[in-house]
Amino acid sequence: MRSEIYNILDKSGIGYISMEHHPIMTMEEGTAIAKRLGVASCKNLFLVNKQKEYFLLLLPGHKKLSVKELAKQIGSSHLSFASSEELEEFLSTSPGAVSVLGLIYDRGNKVKLLIDKEIMQTDYIGCHPCENTCSLKLKTKDIVETLLPAIGHTDFKEVQID
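A quick note: this is a predicted structure, and the numbers were derived from the prediction, not measured.

Moving on, we get to the overall build of the protein. In terms of regular secondary structure, the protein is built from 6 helices and 8 strands. Each helix (α) and strand (β) of the protein, taken in turn from the N terminus, gives the series α-β-α-β-β-α-β-α-β-α-β-β-α-β. For 162 residues, the compact-globule estimate of 2.2 N^0.38 gives 15 Å, and the C-alpha radius of gyration of the protein, at 14 Å, lies within 12% of that figure. Over its C-alpha atoms, taken along the principal directions, the protein stretches across nearly 40 × 30 × 30 Å. A burial count over the protein gives 50% of its 162 residues as buried. Look at the contacts in the protein between residues 6 or more apart in sequence, and 66% of them connect residues 24 or more apart. For the protein, the computed accessible surface area is about 8,100 Å², with 51% contributed by carbon and sulfur atoms. Computing the positive centroid from 19 side-chain charges and the negative centroid from 21, the protein places the two 4 Å apart.

Once that is clear, we can look at the layout of surface pockets. Considered as a void within the structure, the largest pocket measures approximately 570 Å³ in volume. Here the residues of the lining of the largest pocket sort into 18 nonpolar, 9 polar and 1 charged.

Moving on to the pattern of salt bridges. Using the criterion set out here, one finds 8 salt bridges in the structure. Two residues, glutamate 4 and arginine 107, come together in a salt bridge whose shortest N-O distance is 3.2 Å. Highlighted residues: glutamate 4 in helix H1 (residues 2-11) and arginine 107 in the loop between helix H4 (84-91) and strand S5 (111-116), separated in sequence by 103 residues. The closest approach of N and O atoms between glutamate 118 and lysine 63, which form a salt bridge, is 3.5 Å. Separated by 55 residues along the polypeptide, glutamate 118 in helix H5 (residues 117-120) and lysine 63 in the loop between strand S3 (54-60) and helix H3 (67-74) bring together distant segments of the chain. On the accessibility criterion, glutamate 118 (33% relative accessible area) is partly exposed. One network of salt bridges, in which partners are shared, links Arg2, Glu20 and Glu131.

Moving on to the packing of aromatic side chains. Aromatic ring pairs are reported here in terms of the distance separating the ring centres and the angle at which the planes meet. A complete count under the given rule lists 4 aromatic pairs for this structure. With centroids separated by 5.1 Å and ring planes inclined at 10 degrees, the aromatic side chains of tyrosine 6 and tyrosine 16 adopt a geometry described as stacked. Of this pair, tyrosine 6 sits in helix H1 while tyrosine 16 sits in the loop between H1 and strand S1 (17-20), and the two are 10 residues apart along the sequence. Note on tyrosine 6: relative accessible area 16%, which makes it buried. Judged by centre distance (6.5 Å) and plane angle (50 degrees), the ring pair of phenylalanine 46 and phenylalanine 90 falls under tilted. Of this pair, phenylalanine 46 sits in strand S2 (residues 42-49) while phenylalanine 90 sits in helix H4, and the two are 44 residues apart along the sequence. For phenylalanine 46, a relative accessible area of 4% puts it in the buried group. Take phenylalanine 90: its relative accessible area is 12%, and that puts it in the buried class. Among the aromatic residues, ring-to-ring pairing joins Phe46, Tyr54 and Phe90 into one connected group. A cation over an aromatic ring shows up here: lysine 137 above the ring of tyrosine 124, its NZ or CZ 4.5 Å from the ring centre.

Thresholds, definitions, all that
- Residues numbered from 1 in each chain as written.
- Predicted model: local features only at pLDDT ≥ 70, side-chain atom pairs only at ≥ 80, totals over all residues.
- Heavy atoms only, no water.
- Helix = DSSP H or I, 4+ residues; strand = E, 2+ residues; numbered from the N terminus.
- Rg over C-alpha atoms; globule rule 2.2 N^0.38 Å.
- Buried < 20%, exposed > 50% of the residue type's maximum accessible area, 1.4 Å probe, protein only.
- Contact = heavy atoms within 4.5 Å.
- Areas by Shrake-Rupley, 256 points an atom, 1.4 Å probe, with all protein chains shown as cover.
- Lys, Arg positive; Asp, Glu negative; His and termini not counted.
- Charge placed at Lys NZ, Arg CZ, Asp CG, Glu CD.
- 1 Å grid on protein atoms, 1.4 Å probe; cavity = no way out; pocket = protein on both sides within 12 Å on 5 of 7 lines; lining within 4 Å.
- Points joined across faces, edges and corners; volume = space filled by probe spheres on them.
- Nonpolar A, V, L, I, M, F, W, Y, C, P; charged D, E, K, R; others polar.
- Salt bridge = Lys/Arg side-chain N within 4 Å of Asp/Glu carboxyl O.
- Phe/Tyr/Trp six-rings, centres within 6.5 Å; stacked < 30°, edge-to-face > 60°.
- Lys NZ or Arg CZ within 6 Å of the ring centre and 35° of its normal.

Structure, rendered in structure tokens:
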């Protein structure tokens, strides 16, 4: 899986720095890895509503999510965390390894991407190649302007999580 992601990044002309590490199980560990990579800590949350609409939310690690407020912001019914089975089905990954790079495997465009405005303003983003034993440093601009169009995910929404 990781080699497939690297191939797509390479074919798209997207540069990245890769760092191997022990499995990340907490936000504190993720924040430490983000510091070593020189990126802001980022949470990647896979959410679903009652209508079985799926959302991948990227937000800064320091922010607390109010799913009620987010649901109101995007005009959705109640949001909750999707199951690990749904995560595997749609993004080919598991809890603890959720990543914007998982959208590569969402060939049916079933998952809507939501990016917090603060993340959009960062130069670099850190994310897993769908495995939590490695983290990548990527330019945010490369993800939005190159990767997402290359994989057919140009329809994303900026949100403001307070």
